[in-house]
Amino acid sequence: MAIEKDSLWPFYEFAVEHAALGIHAVDMNGRTVIYNEKMKQIEGLDLDDLADRSVLDMFRFGQEESTLMKVIKSGEPVRNVKQTYWNRNGQEITTVNDTYPVIGPEGMIGAVELARDVTTLEKFVYQPLRTYDETISFTSITAESEAMKSVIATAKKAADADLPVLLTGETGTGKDLLAGAMHNDSANAGSPYYTLFCPGLDSADIHRTMKAISKEETCTVFCDRIDLMPIKLQEELLRELESLGDDSRQYIASIGGDAFDLIANGSLLKGLYYFFSSITIYIPPLRKRMADLWPFIDDYLERHRRRFGSAVRGLSPEVRETFDSYTWPGNLKEVELLLEEITSLLTTETEINQDLLPHHFKLKVQEEFSPAKRPQDFVMSEGQEFLPLDTYLREAEDYYLTKVMNVFEGNVTKAAQALGMSRQNLQYHLKKIRNGQ
Ligand SMILES: Nc1ncnc2c1ncn2[C@@H]1O[C@H](COP(=O)(O)OP(=O)(O)OP(=O)(O)O)[C@@H](O)[C@H]1O
């Protein structure tokens, strides 16, 4: 029996919504026509009831957006673009994106981006430049700020005490690194070091690793980001850890925020918290200890010169200013990934200037400093103060126009075309935005 083509739509819709790939499609004007569940999850958008897709376009002006626009302009696919970024929930995400033109019966009708979430895989293969060829120790950790010096002092004492330790701090603050340094500075140095990257584990992995651990008399067990594991698996992990009994193993775990908040919002099992928290060490975010930024960068560039014989000496004054005022939500790991991206493009340059900064980083900086700052500001949430309608609409309009201008790299004619308004009208609005009216 032949199947009517139209009757397949529900199947297509179901497949798109349930796919393990993030899917985002736009029409020729850059307007979103498909934005699936996985894409929302990747980007940290928690907007279940968002029926009007045009509203989504106000939220999504990032690197991916510009890749889609590039494909629309060129008609050529762009494949295998790897990107690590911190989404709106502050989660570190690594995706590999393929973007294709979509051709209808009468020519190109838009573009589609397929994003593979490879965060877990990336965690396993991540090899930061600064830890190559050396055993991690406390001296591998940049600690110029008073806050970080005190973290190191406490961690040294904890390594001696041989009690379970809980490391808390935002993503990329160096919890993983600190756990490694504690192991290498403890009586357990030289014995096996087990890392359980909790977000990527299932029941069988936990059981298998615990079985291996139970055979070791001395070892260190580091449970990385227990708060990102479903509660059911946290219960299993706790049961397995408790069944290991008394021993001379060192237990360390890490979480990405305040333990009590995480327990209260159901992300952290109270029992698991108590298991690890004989000693708790909080690593503050980079923005609260900016004294660590420049020594880290200097150290990184010094290693780069040594390993690759590059000529790079430092950053231009404008780039230094940008780095000093940006808030670094991904902390030193974000700095490191950015430096990796920039330095991979260097040839004979001695200075990193604005032109060498990646587009996605410039957009993030812009987003942080533009006056109608955050897209989230335009979504109503509980407890939010109400603005008069005309103020709200004006701010939303300023935000939208500024972002569209960014997408078209300042080309008023193209932006006006995409916005369905005259060039003069757009110019008039942009002038008002510039004058802060
Ligand atoms: N204080 C630091 N000194 C030197 N390098 C650092 C420091 N903090 C972070 N880094 C760099 O950032 C990388 C990532 O840090 P790490 O994985 O330890 O962070 P994390 O807090 O465990 O993050 P997550 O919560 O996402 O697991 C490290 O491998 C290291 O290269």
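What counts and how
Residues numbered from 1 in each chain as written. Predicted model: local features only at pLDDT ≥ 70, side-chain atom pairs only at ≥ 80, totals over all residues. Heavy atoms only, no water. Helix = DSSP H or I, 4+ residues; strand = E, 2+ residues; numbered from the N terminus. Buried < 20%, exposed > 50% of the residue type's maximum accessible area, 1.4 Å probe, protein only. Areas by Shrake-Rupley, 256 points an atom, 1.4 Å probe, with all protein chains shown as cover. Pairing = 2+ DSSP bridges. Core = buried A, V, L, I, M, F, W, Y, C linked by side-chain atoms within 4.5 Å. Phe/Tyr/Trp six-rings, centres within 6.5 Å; stacked < 30°, edge-to-face > 60°. Lys NZ or Arg CZ within 6 Å of the ring centre and 35° of its normal. Axes fitted to C-alpha atoms, helices over the stretch in contact; angles between N-to-C directions. Contact = heavy atoms within 4.5 Å.

Colleague: Would you explain the overall build of the protein in this entry?
Modeller: Each helix and strand counted, the protein has 18 helices and 12 strands in total. When burial is assessed residue by residue, the protein has 47% of its 437 residues classed as buried. Surface summary for the protein: the accessible area is close to 22,800 Å², and the carbon and sulfur share equals 53%.

Colleague: Would you mind showing me how to read the pairing of strand β1 (residues 22–27) here?
Modeller: It is a general feature of regular strands that their side chains alternate between the two faces of the sheet. Of all 6 residues that make up β1, 5 are buried, and the element is covered over most of its length. Taken together, the 6 bridges between β1 and strand β5 (residues 107–117) define a ladder with antiparallel strand orientation. Each bridged residue has a counterpart across the sheet, and for histidine 24 the counterpart in β5 is glutamate 113. If you look at the hairpin formed by β1 and strand β2 (residues 32–35), you'll find 4 residues sitting between the two strands, and glycine 30 has a positive phi there, around 80°.

Colleague: Sorry if this is basic, but what is going on with the nonpolar core here?
Modeller: Within the largest apolar cluster, 30 residues are counted, with the highest numbers of intra-cluster contacts made by Leu196, Cys223, Ile226, Leu237, Leu241 and Phe276. Elements with a minimum of two residues in this core: β7 (193–197), α8 (203–214), β8 (220–224), α9 (231–243), β9 (250–255), α10 (259–264) and α11 (270–276). In this structure, Leu301, Phe323, Val335 and Leu346 belong to the second largest nonpolar core, which totals 24 residues.

Colleague: Before we go on, may I ask you to explain the pairing of β9 in this structure?
Modeller: Within β9, 6 of the 6 residues are buried, which leaves the element mostly enclosed by the surrounding structure. The two faces of β9 match: Gln250, Ile252 and Ser254 on one face and Tyr251, Ala253 and Ile255 on the other face are all buried. Here 4 bridges tie strand β6 (residues 165–168) to β9, and the two strands are oriented parallel to one another. Looking at the pairing, threonine 168 lines up with isoleucine 255 of β9.

Colleague: How should the packing of aromatic side chains be read in this particular structure?
Modeller: How two aromatic rings sit relative to each other is given by the distance of their centres and the angle of their planes. One pass over the full model with this rule turns up 11 aromatic pairs. Measuring from ring centre to ring centre gives 5.1 Å for phenylalanine 323 and tryptophan 328, while their planes differ by 85°; the resulting arrangement is edge-to-face. Looking at phenylalanine 323, the relative accessible area reads 1%, which means it is buried. Ring centres of phenylalanine 323 and phenylalanine 361 lie 5.7 Å apart, and the angle between their planes is 75°; on these two criteria the pair is classed as edge-to-face. Here phenylalanine 323 is found in helix α13 (residues 317–325), whereas its partner phenylalanine 361 is found in helix α15 (residues 359–369), with 38 residues between them in sequence. A residue is classified by how much of its surface remains accessible, and phenylalanine 361, at 2% relative accessible area, is buried. An aromatic cluster of at least three residues, connected via ring pairs, comprises Trp294, Phe323, Tyr326, Trp328 and Phe361. A cation over an aromatic ring shows up here: arginine 320 above the ring of tryptophan 294, its NZ or CZ 3.9 Å from the ring centre.

Colleague: Could you clarify how one ought to interpret the sheet that holds β8 in this entry?
Modeller: The strands that make up a sheet pair up through hydrogen bonds in the backbone, lying either parallel or antiparallel. Across the sheet, 5 strands lie side by side as β7-β8-β9-β6-β10; this open sheet has parallel pairing. Each of the sheet's edge strands pairs with one partner strand only, and the pair in question is β7 and β10 (279–282). On average, adjacent strands in this sheet sit at an angle of 15° to one another, irrespective of strand direction. The pairing of β8 with β9 spans 4 bridges and is classified as parallel. For cysteine 223, the partnering residue across the bridge sits in β9 and is alanine 253. Across the sheet, helix α6 (residues 146–161) touches β6, β9 and β10, and the angle it forms with β10 is around 155°.

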